[in-house]
Amino acid sequence: MRTVKRLQPFSSTIFAEMSQLAAEHDAINLGQGFPDTDGPAAMLAAAQEAIATGQNQYPPGPGIPALREAVAQHQLDHYGLQYDPATEVLITVGATEAIAGAIIGLVEPGERVVMIEPYYDAYAAATAMAGAERVTIPLIIDGDGFALDHDALHAAVTPETAMVVINSPHNPTGTVLSDEDLRAIAQVCIDNDVLVLTDEVYEHLVFDGRVHTPLATLPGMRERTLRVSSAGKTFNVTGWKVGWISGPAELIAAARAAKQFMSFVGSGPFQPAIAVALGTEMEWVRRSSAGLQRKRDLISAALTEVGFGVHRSEGTYFVCADPRPLGYHDGAEFCRDLPARIGVAAVPVSAFVDHPEQWTHLVRFAFAKEDTVIEQAAERLRALS
């Protein structure tokens, strides 16, 4: 194998593997997290107009001014966070590039990056590309859900830590970190003078009356936090790859130094459309979130009926389920068998961890699908019982 050693573990992803199995067996794909309906009509029309009126060349490196201004205004309106759109907002090719740019631009080789386990696989890959060391702190069982392990947090974050990566609402578990969790993270990062990267792409997709709180709003955190979000999950346009990162100008400059040699720029005609959506389509987002809560209830009820142990999902597109009551103790083996056996695809949570002991059995199902698709998947899942 000619791939450099640090990237060999990332030569393929669990999403590609499970999606290929789904295609081979004509299975319903509840593995990869993408919706099967389009976003708001006004946003789609704005993109079509941008294409038709010649906005198809390189946009400015930091992103078009209208979108940077819309991102800044959105954060001010929703959270009271004030960012200068000229120097403190950077438009990226999706949240994944924002994450990579921040880690590569701010973490030296050999330094430590702390992340919550399970983690979205892009965090580990970006840390490897930076030549840095990955350290994990686990979520722990909290009733039918999960919570942050505060003892592990304090043990992992030290003055030698370069960056802490926080993801809430959390993929793959659907956990929304509590105010107590956020205060603990903030205090340990301030005490150790550590930078924080927050992945908040599901910020508007929280359920049961919960409210998302950005870590940057806590005292002492804005000056050390890079906040990442994107249009893909919020507006059902995962293929447009329009993301952004906000934070202090010197931190944004570091992320931009790396980002400009990854893609340079991207998503030219989609940027003005997202600017329109951020300014006018948040009521559509609220309805979308309510619909996702209903879909979560639908898939959770179906999984419970079949016999799975179902964990609560407080946000995102995902619910985690335990197939051990059905006699399956290896989630990865279960997921590889599922498409051929009943025509449904899911992903094993063990693909997102370094310490699989707690996670080997768990499986993640995505529910950002049409109700009829979820109902069809539920009918197929009943064959397991």
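The protein is annotated in an unreviewed UniProt entry as Pyridoxal phosphate-dependent aminotransferase from Williamsia marianensis. Regarding the protein, the relevant UniProt record gives this comment under Cofactor (unreviewed entry): "pyridoxal 5'-phosphate".

This part covers empty space enclosed by the protein. Evaluated as defined, the whole model comprises one cavity of 30 Å³ or more. Taken as a whole, the largest cavity encloses approximately 30 Å³ of empty space. Lining the largest cavity are Pro 60, Gly 61, Gly 63, Ile 91, Thr 92, Val 93, Lys 259, Val 265, Gly 266 and Gln 271. Here the lining of the largest cavity is built from residues that sort into four nonpolar, five polar and one charged.

With that settled, the discussion passes to the sheet that holds strand β6 (residues 161-167). Spatial ordering of the open sheet is given by β2-β9-β8-β7-β6-β3-β4-β5, a layout of eight strands whose pairing is mixed. A strand with exactly one partner marks an edge of an open sheet, and here the two such strands are β2 (89-92) and β5 (145-148). The mean inter-strand angle of the sheet, taken between neighbouring strand axes irrespective of direction, is 25 degrees. The pairing of β2 with strand β9 (residues 243-246) spans four bridges and is antiparallel. Across the sheet, Ile 91 pairs through a bridge with Trp 244, a residue of β9. Against the sheet, helix α5 (residues 121-129) makes contact with β3 (112-117), β4 (133-142), β6 and β7 (195-199), and its axis sits at roughly 170 degrees relative to β3, the strand it touches most. Contacts from helix α9 (residues 249-259) reach β2, β7, β8 (225-230) and β9, with the element oriented near 25 degrees to β2.

Rules used throughout
Residues numbered from 1 in each chain as written. Predicted model: local features only at pLDDT ≥ 70, side-chain atom pairs only at ≥ 80, totals over all residues. Heavy atoms only, no water. UniProt positions renumbered as here; feature names shortened; annotations may be inferred. 1 Å grid on protein atoms, 1.4 Å probe; cavity = no way out; pocket = protein on both sides within 12 Å on 5 of 7 lines; lining within 4 Å. Points joined across faces, edges and corners; volume = space filled by probe spheres on them. Nonpolar A, V, L, I, M, F, W, Y, C, P; charged D, E, K, R; others polar. Pairing = 2+ DSSP bridges. Helix = DSSP H or I, 4+ residues; strand = E, 2+ residues; numbered from the N terminus. Axes fitted to C-alpha atoms, helices over the stretch in contact; angles between N-to-C directions. Contact = heavy atoms within 4.5 Å.

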